Amino acid sequence: QVQLVVPMAVVFGPGSVPRDLPRPLPFRDVQEMEISVNLRTSVTSRYEMRYRSTTGQEEAALAAATAREADAALHPLQDTTLGSLTMYVVPETSPLLPQGINVYVGRHRSALVRAGGSLAALQARLREVTQVMSFTASAIAAALSDRVPDSQLSPDARRDLKSSLGYEITFSLLNPDPKSHTVDWDIEGAVNRYVKPVLDKLSLVANFSVDSQILYYAVLGVTPRYDKESSSFLLSAHSLPHVINPVEARLGSSAASLYPVLNFLLYVPERSHSPLYIQDKDGAPVSTNAFHSPRWGGIMVYNVEAPASPQASLPLHVDVDMARVMEVFLAQLRLLFGLSREEVPPHFLLESPGNEGLADWELDHLLWAHTVENIATVSTTLTSLAQLLDKIGNIVIKDDVASEVYRAVASVQSAVTKLSLGHLHAAFQASKEAVTSSERAFFDPSLLHLLYFPDDQKFAIYIPLFLPMAVPILLSLVKIVRESRLRRKEPTKMD
Amino acid sequence: FQDQAEQFFRSGHTNNWAVLVCTSRFWFNYRHVANTLSVYRSVKRLGIPDSHIVLMLADDMACNPRNPKPATVFSHKNMELNVYGDDVEVDYRSYEVTVENFLRVLTGRIPPSTPRSKRLLSDDRSNILIYMTGHGGNGFLKFQDSEEITNVELADAFEQMWQKRRYNELLFIIDTCQGASMYERFYSPNIMALASSQVGEDSLSHQPDLGIGVHLMDRYTFYVLEFLEEIHPASQTNMNDLFQVCPKSLCVSTPGHRTDLFQRDPGSVLITDFFGSVRKVEITTEALALDRHVAGVESKFPEEELATEPLKYAEQLPVAQIIHQKPKQKDWHPPGGFILGLWALIIMVFFKTYGIKHMKHVF
């Protein structure tokens, strides 16, 4: 069974050691929890905690003025292996954290936690922190979603992108009214400045390729409503699902690669439908003016200001503010991957990830989920391949298929071992190799069951050919046997 | 709105695919091509894009020398509706429509050189519509007059799809004679099946067109199409209405359906869950806060690299290797037991019947 090991260090700053510690510092402790997915599958999570007190350098760092500075100063002193966590405990009355905030989660893999009075309260807080920064039971269950019976899953469980070796991101600019607007977007510059840092950080998870296009005369499938009060056009929330389809046929998604495609569309409304706002369910306009669809991508509406004078010459030149656009698109990219910060308890303060797009511990989130998903996929694939071979006894397994299967089995075993040792990065790489090998083995074109005839079909073909031929042979055999029996009965008939 | 939102999430799929197969060729099977093309048009109208439709047709109607109206395929008499149009994208045409290709598309065991438009790239959140039409019998469906697919093979293909989670839910519609026999053997979960006739019954064609000279459509598909014409992407009609289409009075055969493998109640399954492509959508409530004064990362595409590699024609076949190859030494295997036994039997019978004295002539 799979065991997920998280190495954690709990570092007590000066004045924050609780009085009811069971043993003197430093000491180790292990907490295990079982996440049961269904009757036969369960995953155990094991937090190996090392309690110790701060070193001199860490104390100096914790004496900083704000939590952010402390976090930045502590970063070089930390354990930076993927999957590990470091928690610095500060006294309950420390000024480092703002009022009412008990936990500050930084950009890397560390958090600052208030001591909380007793060991039990501290441990409760630490558990909350691990739920936020590491994985939750529901995240693991979602990664194993195809083994969970339908009724038990929450509806948001299967919306995140599936683990894949690569993703293709396409940015499209839709200009339905080129007569009125000449839209210029510096997509290459924007990709270099804003998107590349995020994708570089995500490159551990998968390969990304980015392309862009401009589509003219591409209209949305829905006519927006004119609202007199705000003198603008509104798209209501329940008409949004029908917007994507007419556009999708023209997007030309990716004839080139077999990776899943994420489409990000920027729509500049026609002059006759400007300004266009998206309404949410309560009727209020959405601040980002954008919406997204799970496993597909996102659309943002970019309103162009009306020209100062009504006699301005058409077409208007529009320079798109790429920073604003990329802020929304990158937020949508995070949501598509399942990195949302909504279920955080109120007394937590999360540091914004800045231009990198996601914090280190969020990257760990993705790696945990994808590793577990990969391991589950490999075991399902290999099991069903074995069942196929059982069913069709005379299927021929080519040598390269056999070697891929061996490689997949070895890789998945190595991935499980590395997970139980706490080496998340190595486990993820092994699980990726395992998935590649097992998919190559399962989808090999030579394994088509049509190509292998079951035995009863063989009999059905050969019996009509051989049976008529066999009749005279059998009759002659019978005659021979009868003759030899007669001859034996009369041995003295020779004259 | 809350109800609609709940309904969207109830079905659990995020994308739709359609595999439409017409298994006949030749001019007198015009109606099968018209059937498939009409379903293709409905599915496109309701939102599934061409990239998500795998269309397999013999495609020999529109440019057939016997077609009095070239480049058209009509589905209504008096030539009301040309279903061929000018944006039909046929993925497998003519002799590529074989049982092997069909099973390869379904199971995904496709040679790596296959283009993306010919693949079924569904995942565990895809609802797939499979429509097949042609000539069939009890337990089989004829492909292009030269081979057939049995209901056992089809059920096994669906099981292979389920093992690899290549579908969330599957709707299988078949319009052939004795169509219900094709879904008898399904055993994978989440499959709903409809057929135009029961075992022992024939599906009949609808109306001949005197100008073209052949029957234009089959009855069951004709009435299914009339039913689909009233569906628009936002409609809430469910599957129970589809089961009532084409009663015996109109269809002469008795349409059948099978829902025991399907987990949801058919009354809660929308037609657009399979025939359309209604995407689940969420409002993006927050944006990231980016630091705008950041220098760009150097573009990683140095211009010079593109020009230095000389282009050359890719070696399709290693001709030099093949010509100079010595024939492979095949290992000699002794003949198997069956052949040996047969020959021993024949020789023994021969010599027993004709006498041992002939043996010396042999040696």
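As annotated in an unreviewed UniProt entry, chain B carries the name GPI-anchor transamidase and comes from Sitta europaea. UniProt, in its Pathway (unreviewed entry) section for chain B, records the words "Glycolipid biosynthesis; glycosylphosphatidylinositol-anchor biosynthesis." What UniProt states about chain B under its Subunit (unreviewed entry) heading is, verbatim, "Heteropentamer. Part of the GPI-anchor transamidase complex, consisting of PIGK, PIGT, PIGS, PIGU and GAA1. Interacts with GPAA1. Interacts with PIGT; this interaction, via a disulfide link, stabilizes the expression of GAA1 and PIGK and links them to PIGS."

As recorded in an unreviewed UniProt entry, chain A goes by the name PIGS transamidase, listed as coming from Sitta europaea. According to the UniProt record, the Pathway (unreviewed entry) comment for chain A reads "Glycolipid biosynthesis; glycosylphosphatidylinositol-anchor biosynthesis." The UniProt entry for chain A carries the following text under Subcellular location (unreviewed entry): "Endoplasmic reticulum membrane".

On to the overall build of chain A. Assigned secondary structure in chain A consists of 11 helices and 17 strands. Its C-alpha atoms give chain A a radius of gyration of 33 Å, more than 25% over the compact-globule value 23 Å for 495 residues. Along the three orthogonal principal directions, the C-alpha set of chain A runs to about 130 × 80 × 40 Å. For chain A, buried positions account for 52% of its 495 residues. Put simply, of all contacts in chain A between residues at least 6 apart along the chain, 75% involve residues at least 24 apart.

This part takes up the UniProt feature "transmembrane region" (unreviewed entry) in chain A. Cross-referencing UniProt, the feature "transmembrane region" (unreviewed entry) maps to residues 459-481 of chain A in the present numbering. Strand forms 0% of residues 459-481 of chain A and helix 100%; the C-alpha atoms that close the span are 28 Å apart.

All names here are of chain B. Under the UniProt annotation, "active site" (unreviewed entry) lies at His 135 and Cys 177. A maximum C-alpha distance of 6.4 Å places the annotated residues, which cover 43 residues in sequence, within one compact spot. Looking at His 135, the relative accessible area reads 26%, which means it is partly exposed. Those residues in contact with His 135, other than ones at most four positions away along the chain, are Thr 23, Ser 24, Asn 29, Arg 31, His 32, Leu 141, Lys 142 and Thr 176. A distance of 2.8 Å separates a polar atom in the side chain of His 135 from a polar atom in the side chain of Asn 29. Locating Cys 177 in the fold gives a position in the loop between β8 (169-175) and β9 (191-195). In this structure, Cys 177 is in contact with Gly 136, Gly 137, Ser 197, Glu 201, Asp 202 and Ser 203, ignoring residues within four places of it in sequence.

Moving on, we get to the packing of aromatic side chains. According to the stated counting rule, one finds 24 aromatic pairs over all chains in the structure shown. Aromatic side chains Tyr47(A) and Phe135(A) sit 6.2 Å apart centroid to centroid with 25° between the ring planes, which places their arrangement in the stacked category. With Tyr47(A) in strand β3 (residues 42-53) and Phe135(A) in the loop between α3 (119-133) and α4 (137-143), the pair connects residues that are 88 residues apart, well separated along the chain. Across this residue pair, the class does not change: Tyr47(A) and Phe135(A) are buried. Arranged with centres 4.9 Å apart and planes meeting at 70°, the rings of Phe135(A) and Trp368(A) form a pair that is edge-to-face. Placement of the pair is Phe135(A) in the loop between α3 and α4 and Trp368(A) in helix α8 (residues 360-391), with a sequence separation of 233 residues. The ring of Phe442(A) carries the charged tip of Lys164(B) above its face, separated from the ring centre by 5.9 Å. Over the aromatic face of Trp162(B) sits the side chain of Arg165(B), whose NZ or CZ is 4.3 Å from the ring centroid.

Turning our attention to the state of the cysteines. All names here are of chain B. Counted under the stated rule, the structure contains one disulfide over all chains. Between the sulfur of Cys 246 and that of Cys 251 lies a disulfide, 1.6 Å long from S to S. Taking the sign of the torsion about the S-S bond as the criterion, the disulfide between Cys 246 and Cys 251, at about 85°, is right-handed. Each member of the pair Cys 246 and Cys 251 is classed as buried. Cys 22 takes part in no disulfide bond, and the closest cysteine sulfur, belonging to Cys 177, lies 14 Å away. Left without a disulfide partner, Cys 177 is nearest to the cysteine sulfur of Cys 251, which lies 12 Å away.

So, on to a nonpolar patch on the surface. Together, Leu317(B), Val319(B), Ile322(B) and Ile323(B) give the surface a local cluster of nonpolar side chains, amounting to about 390 Å² of exposed area. Summarising the element assignment, Val319(B) is placed in helix α10 (residues 319-323).

Quick look at the pattern of salt bridges now. If charged atoms from side chains of opposite charge come close, those side chains can pair. Scanning the entire structure with this criterion turns up 34 salt bridges over all chains. Between Lys398(A) and Asp444(A) there is a salt bridge, and its shortest N-O distance comes to 3.8 Å. Here Lys398(A) is found in the loop between α8 and α9 (399-421), whereas its partner Asp444(A) is found in the loop between α10 (424-442) and α11 (455-489), with 46 residues between them in sequence. Across the pair Glu201(B) and Lys248(B) runs a salt bridge, and its minimum N-O distance is 3.8 Å. Within this pair, whereas Glu201(B) is found in the loop between β9 and α5 (219-229), its partner Lys248(B) is found in helix α7 (residues 248-251), the two being separated by 47 residues in sequence.

As a further point, take the sheet that holds strand β15 (residues 297-301) of chain A. Pairing in this open sheet of six strands is mixed, and the strands run β9(A)-β7(A)-β12(A)-β15(A)-β14(A)-β11(B) from one edge to the other. In the strand order of this sheet, the two ends are held by β9 (207-216) of chain A together with β11 (282-283) of chain B, each with one partner. By the bridge criterion, two bridges tie strand β14 (residues 290-293) of chain A to β11(B) in an arrangement that is antiparallel. Counted as the bridge partner of Phe291(A) is Ile283(B) from β11(B).

Our focus in this paragraph is helix α3 (residues 99-107) of chain B. Counting buried positions over the nine residues of α3(B) gives seven, a clear majority of the element. Among the residues trailing α3(B), Gly108(B) stands out with phi positive, at a value near 85°.

This part is about the interface of chain B and chain A. With 66 residues of chain B at the interface, the matching set in chain A holds 78 residues. For the chain B and chain A pair, buried surface summed over both sides reaches about 6,400 Å², with 60% attributable to carbon and sulfur atoms. Along the contact surface separating chain B from chain A lie six salt bridges. Between Arg295(A) and Asp124(B) there is a salt bridge; the shortest N-O distance is 3.3 Å. Applying the counting rule to chain B against chain A returns 18 residue pairs in polar contact (both at pLDDT 80 or more). Taken together, the elements giving at least two residues each to the side of chain B that touches chain A come down to α1 (2-11), α3, α4 (151-163), β11 and α11 (337-354) of chain B. Residue contributions to the side of chain B that touches chain A peak at seven residues, all from α11(B). Considering only residue class, the side of chain B that touches chain A consists of 29 nonpolar, 16 polar and 21 charged.

Criteria and cut-off values
Residues numbered from 1 in each chain as written. Chains lettered and ligands numbered in written order. Predicted model: local features only at pLDDT ≥ 70, side-chain atom pairs only at ≥ 80, totals over all residues. Heavy atoms only, no water. UniProt positions renumbered as here; feature names shortened; annotations may be inferred. Helix = DSSP H or I, 4+ residues; strand = E, 2+ residues; numbered from the N terminus. Rg over C-alpha atoms; globule rule 2.2 N^0.38 Å. Buried < 20%, exposed > 50% of the residue type's maximum accessible area, 1.4 Å probe, protein only. Contact = heavy atoms within 4.5 Å. Polar contact = N/O pair within 3.5 Å; in protein donor to acceptor, adjacent residues only side chain to side chain. Phe/Tyr/Trp six-rings, centres within 6.5 Å; stacked < 30°, edge-to-face > 60°. Lys NZ or Arg CZ within 6 Å of the ring centre and 35° of its normal. Disulfide = S-S within 2.5 Å. Patch = residues over 30% accessible without salt bridge, like charges linked within 9 Å, V, L, I, M, F, W, Y side chains within 5 Å. Areas by Shrake-Rupley, 256 points an atom, 1.4 Å probe, with all protein chains shown as cover. Salt bridge = Lys/Arg side-chain N within 4 Å of Asp/Glu carboxyl O. Pairing = 2+ DSSP bridges. Buried area = accessible area lost by both parts, 1.4 Å probe. Nonpolar A, V, L, I, M, F, W, Y, C, P; charged D, E, K, R; others polar.

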